[in-house]
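# Structural overview for review
In case you want the letters, here they are:
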Amino acid sequence: MRIGTGYDVHRLVEERALILGGVEIPYEKGLLGHSDADVLLHAVMDALLGAAALGDIGQLFPDKDEAYRGISSMTLLKKVAAVLEEHHYVVENIDSTIIAQRPKLMAYLPQMRENIAGALGIGTDQVSVKATTEEGLGFTGSGEGIAAQAVCLITPLMDLVARDLLEGTDRCDSCGGCPRS
C-alpha cells in the first residue's frame with residue numbers, strides 16, 4: 001500500500017466560475033488559475049500522483065502549456081486515472097477536505113464524490129469529500145481564496161493479486177471477480 005497527500009490553493013476573483021469537485025457552484029467569485037482552478041481535484045490528483053511517486057500535476061500538466069488553458073480538471077483527473085492504470089495501481093480510497101469560509105458547500109458534496117469516483121472508476125464509498133471553514137481566520141477565512149487537501153491510499157495491482165493468491169481465493173478481487181486460471 002502507498003499513501004499520498006495533496007494540497008492546493010487558489011485565489012477567489014470576480015468573473016470566473018467556481019468549480020469544485022467538477023461541480024459548478026453558484027457564487028459571485030471563482031478561482032483563478034490556468035485550468036478551471038478546481039482546488040479539490042488538484043489536491044486529489046497530487047495525492048494520487050504522489051502516492052505512485054509519479055510527480056505532480058504541474059509536471060504532468062504544466063501551466064505554461066496552452067493545451068491546458070481553461071481545461072476541466074475532471075478531464076485531467078481522468079488522465080491521472082489512466083496514468084495510474086498504466087503503472088498498475090489501484091485506488092483504494094480518497095479522503096479530502098475543502099477549506100472555504102464561503103460559499104456553503106454541503107449540498108454539493110455528494111455530486112463531488114460521484115464525480116471523483118466516476119473519473120477514477122471506483123465506488124463512491126471509496127471517496128470522502130468534506131468541507132470546513134476557518135472561522136474567519138487566514139486567507140480562506142477572509143474569503144481571499146479556497147484551499148483543499150487530500151490523502152489517498154493506492155495499491156500496486158500485483159500486491160492485490162499476490163494477497164488473493166495467499167488467501168487461496170479463486171477469484172480476483174482487484175478487478176471485480178474474474179476467474180483465475
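First things first, this report covers the structure right here in the doc. What you see is a predicted model, and the numbers here were worked out from it, not measured in a lab.

## Regarding the overall build of the protein
Along the backbone of the protein there are six helices and nine strands. On the principal axes, the C-alpha backbone points of the protein span a range of 60 × 35 × 25 Å. Residues classed as buried in the protein amount to 45% of the 181 residues present. Taking contacts inside the protein between residues at least 6 apart in sequence as the whole, the part at least 24 apart equals 66%. For the protein, the exposed surface amounts to about 9,300 Å²; the carbon and sulfur share of it is 52%. Charged side chains of the protein number 15 positive and 26 negative; the gap between the two group centres comes to 2 Å.

## Quick notes on helix α3 (residues 73-86)
The end-to-end C-alpha distance of α3, which contains 14 residues, comes to 20 Å, matching closely the 20 Å that a straight helix rising 1.5 Å per residue would cover. Where α3 is concerned, the buried positions are S73, M74, L76, L77, V80, A81, V83 and L84. One side of α3 holds all its buried residues, which, seen down the axis, span an arc of 165 degrees. Projecting away from the buried face of α3 at angles above 90 degrees are the exposed residues E85 and E86. In the core, the buried residues of α3 are packed alongside α1 (39-51), α2 (57-60), β5 (89-99) and α4 (109-120). In this structure S72 caps α3, since a side-chain oxygen of it lies 3.1 Å from the backbone nitrogen of M74. One or two residues past the end of α3 sits H88, with phi positive at roughly 65 degrees.

## Things to note about the environment of Q111
For Q111, the position within the fold is in helix α4. As for Q111 and T75, which are separated by 36 residues in sequence, their C-alpha atoms are 16 Å apart. Engagement of the side chain of Q111 in a polar contact is seen with the side chain of N115, the distance being 2.7 Å.

## Side note on the sheet that holds strand β4 (residues 30-31)
Backbone hydrogen bonds are what pair the strands of a sheet, in a parallel or an antiparallel way. Read across the sheet, five strands follow the order β4-β1-β7-β5-β6 without closing on themselves; strand pairing throughout is mixed. Looking along the sheet, the strands with just one partner apiece sit at the ends: β4 and β6 (127-132). Pairing geometry for β5 and strand β7 (residues 145-156), over ten bridges, is antiparallel. Its bridge partner lying in β7, S96 is registered against A150. Running over the sheet, α1 touches β1 (2-13), β4, β5, β6 and β7 and is turned about 155 degrees from β1.

## Re the environment of Y7
For Y7, the location among the structural elements is in strand β1. Look at Y7 and you get partly exposed, because its relative accessible area is 45%. For the pair Y7 and L40, spaced 33 residues apart in the sequence, the C-alpha separation amounts to 8.3 Å.

What counts and what doesn't
Residue indices follow the written sequence of each chain, beginning from 1 at its first position. Owing to the predicted nature of the model, reporting of local features is limited to residues with pLDDT of at least 70; listing and counting of side-chain atom pairs is limited to 80 or more, with chain, interface and lining totals taken over all residues. Side-chain numbers come from the whole structure's heavy atoms, not from hydrogens or water. For the purposes of this entry, the term helix denotes a DSSP run of H or I that reaches at least four residues, the term strand denotes a run of E that reaches at least two, and both are numbered from the N terminus. Buried means the residue's accessible area, taken with a 1.4 Å probe over protein chains only, is under 20% of the maximum for its type, while exposed means over 50%, and partly exposed covers the values in between. Here, residues are in contact when the closest pair of their heavy atoms is within 4.5 Å. What sets the accessible areas is the Shrake-Rupley method with a 1.4 Å probe; for residues, cover comes only from the shown protein chains. In summary, the charge assignment counts Lys and Arg as positive and Asp and Glu as negative, without counting His or the chain termini. By convention, the point assigned to a charge is CZ for Arg, NZ for Lys, CD for Glu and CG for Asp. Expected helix span is given by 1.5 Å per residue-to-residue step, counting one fewer step than there are residues. An arc is given here, and it is the one of the directions from the helix axis to the C-beta atoms. Whenever a nitrogen or oxygen atom comes within 3.5 Å of another N or O atom, the pair is scored as a polar contact, on the condition that within protein one atom can donate a hydrogen and the other can accept it, and that pairs from neighbouring residues in sequence are kept only if both atoms are in side chains. Pairing between strands requires that DSSP locate at least two bridges from one strand to the other. Axis definition: a line fit to C-alpha positions, over the contact stretch in the case of helices; interaxial angles, taken between N-to-C directions, run 0 to 180 degrees.

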